[in-house]
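# Observations on chain architecture
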Amino acid sequence: NAGVMQNPRHLVRRRGQEARLRCSPMKGHSHVYWYRQLPEEGLKFMVYLQKENIIDESGMPKERFSAEFPKEGPSILRIQQVVRGDSAAYFCASSPPSTRSSYEQYFGPGTRLTVT
Amino acid sequence: AQKITQTQPGMFVQEKEAVTLDCTYDTSDQSYGLFWYKQPSSGEMIFLIYQGSYDEQNATEGRYSLNFQKARKSANLVISASQLGDSAMYFCAMREGPGSGGSNYKLTFGKGTLLTVNP
């Protein structure tokens, strides 16, 4: 049973380019969360998605950032016109559609984005 | 105000000794969950232990135990018999609400404690 998969693990982009980060949730999981970890900080919530729906994007910067979770395929976090301040580790987590109240989010290995 | 406070940026412990990592939290919810994650230098987030606000007993998972003091709003992680492989960043996190959907899903993380285990 594969865990949450993220790719690429490392991504280097020049300022102004676009970054696309992919997340495949665990099998049977229909909820996806994206978190960002700036250097020497804890993780901060960005967005929560279910299949074809954005449930909560209150943690997403208003500009340049978008996320989707299509009916087929992985969830995508897209950052347009990247700037140096976007350099961070981006973690994806997934959870099942049940109402478990315990450790319901399983994290992927993260994508480390470096903007040069 | 910070919701999760980890006051120890770094901690050192001798191999085979026990160590306590501090975490205090702030919430007005009656139902919430507290988590500890380990992040080794390789970067992945490893779930260690969970404590629900209504759990009467402190959670334990192997060498990890959570010292839950609800009145003081603290959820300290105790690692017994430290091993060299325990050297890592440790994050305390909280989910407010019962976790059954709606808005009760966000995890709020502290800034972490870097634990170094000395041989």
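This is a predicted model, so every value here is computed, not measured. (Residues numbered from 1 in each chain as written. Chains lettered and ligands numbered in written order. Predicted model: local features only at pLDDT ≥ 70, side-chain atom pairs only at ≥ 80, totals over all residues. Heavy atoms only, no water.)

### Some words on the overall build of chain A
Regarding its fold elements, chain A presents zero helices and 11 strands. Listing every helix and strand of chain A by position from the N terminus yields β-β-β-β-β-β-β-β-β-β-β. By the compact-globule yardstick of 13 Å for 116 residues, chain A fits well, its C-alpha radius of gyration being 14 Å. For chain A, the C-alpha atoms occupy an extent of roughly 40 × 25 × 25 Å along the three principal directions. For chain A, the proportion of its 116 residues judged to be buried stands at 46%. (Helix = DSSP H or I, 4+ residues; strand = E, 2+ residues; numbered from the N terminus. Rg over C-alpha atoms; globule rule 2.2 N^0.38 Å. Buried < 20%, exposed > 50% of the residue type's maximum accessible area, 1.4 Å probe, protein only.)

### Points about the state of the cysteines
In this structure the tally under the stated criterion is two disulfides over all chains. With its sulfur 1.8 Å from that of its partner, Cys23(A) forms a disulfide with Cys92(A). Residues Cys23(A) and Cys92(A) share a disulfide whose torsion about the S-S bond is about -50°; that sign makes it left-handed. Remark: Cys92(A) occurs in strand β9 (residues 88–95) and Cys23(A) occurs in strand β3 (residues 19–24); sequence separation between them is 69 residues. Here Cys92(A) falls in the buried class, since its relative accessible area comes to 0%. Across a sulfur-sulfur distance of 2.0 Å, Cys23(B) and Cys92(B) are joined as a disulfide pair. The disulfide joining Cys23(B) to Cys92(B) has a torsion of about -65° about its S-S bond and is therefore left-handed. Of the two residues, Cys23(B) is situated in the loop between β3 (19–21) and β4 (24–25) and Cys92(B) in strand β10 (residues 88–96); the sequence distance between them amounts to 69 residues. For Cys92(B), a relative accessible area of 0% corresponds to the buried category. (Disulfide = S-S within 2.5 Å.)

### Overview of the confidence of the model for chain B
Within chain B, residue pLDDT values average 91, and 92% of them lie at 70 or more. Note on residues 99–103 of chain B: pLDDT under 50 across the span, and five contacts to partners over four residues away in sequence or across chains. (pLDDT = per-residue confidence, 0-100. Contact = heavy atoms within 4.5 Å.)

### A few points about the environment of Val117(B)
All names here are of chain B. Here Val-117 lies in strand β12 (residues 113–118). Overall, Val-117 belongs to the buried group, its relative accessible area being 6%. Sequence separation between Val-117 and Ser-28 is 89 residues, and the spatial gap between their C-alpha atoms is 36 Å. Once you skip the residues sitting within four places of it in the chain, Val-117 turns out to touch Val-13, Gln-14, Glu-15, Ser-82, Gln-83, Leu-84, Asp-86 and Ser-87.

### So, the sheet that holds β3(A)
Residue and element names in this part refer to chain A. Taken in spatial order, the four strands of this open sheet run β1-β3-β8-β7, and their pairing is antiparallel. A single partner strand is all that each edge strand has here, and the edge strands are β1 (5–7) and β7 (65–68). Neighbour-to-neighbour, the strand axes of the sheet open up by a mean angle of 15°, direction not taken into account. (Pairing = 2+ DSSP bridges. Axes fitted to C-alpha atoms, helices over the stretch in contact; angles between N-to-C directions.)

### What to know about the nonpolar core
Residues and elements named next belong to chain B. Grouped together as the largest cluster of nonpolar side chains are 24 residues, with contacts concentrated most on Tyr-25, Trp-36, Ile-49, Leu-77 and Tyr-90. Mapped onto this core, the elements with two or more residues apiece are β3, β5 (32–39), β6 (46–52), β8 (64–69), β9 (74–79), β10 and β12. A per-element tally of this core places β10 first, with four residues. (Core = buried A, V, L, I, M, F, W, Y, C linked by side-chain atoms within 4.5 Å.)

### Comments concerning the pattern of salt bridges
All names here are of chain A. Applying the stated rule across the entire model yields six salt bridges over all chains. The salt bridge partner of Glu-18 is Arg-20, with a shortest N-O separation of 2.9 Å. The class for Glu-18 is partly exposed, based on a relative accessible area of 29%. On the accessibility criterion, Arg-20 (37% relative accessible area) is partly exposed. One salt bridge in this structure joins Asp-86 and Arg-64, with 2.7 Å as the shortest N-O distance. On the criterion of sequence distance, the pair formed by Asp-86 in the loop between β8 (75–79) and β9 and Arg-64 in the loop between β6 (53–56) and β7 is long-range, its members being 22 residues apart. (Salt bridge = Lys/Arg side-chain N within 4 Å of Asp/Glu carboxyl O.)

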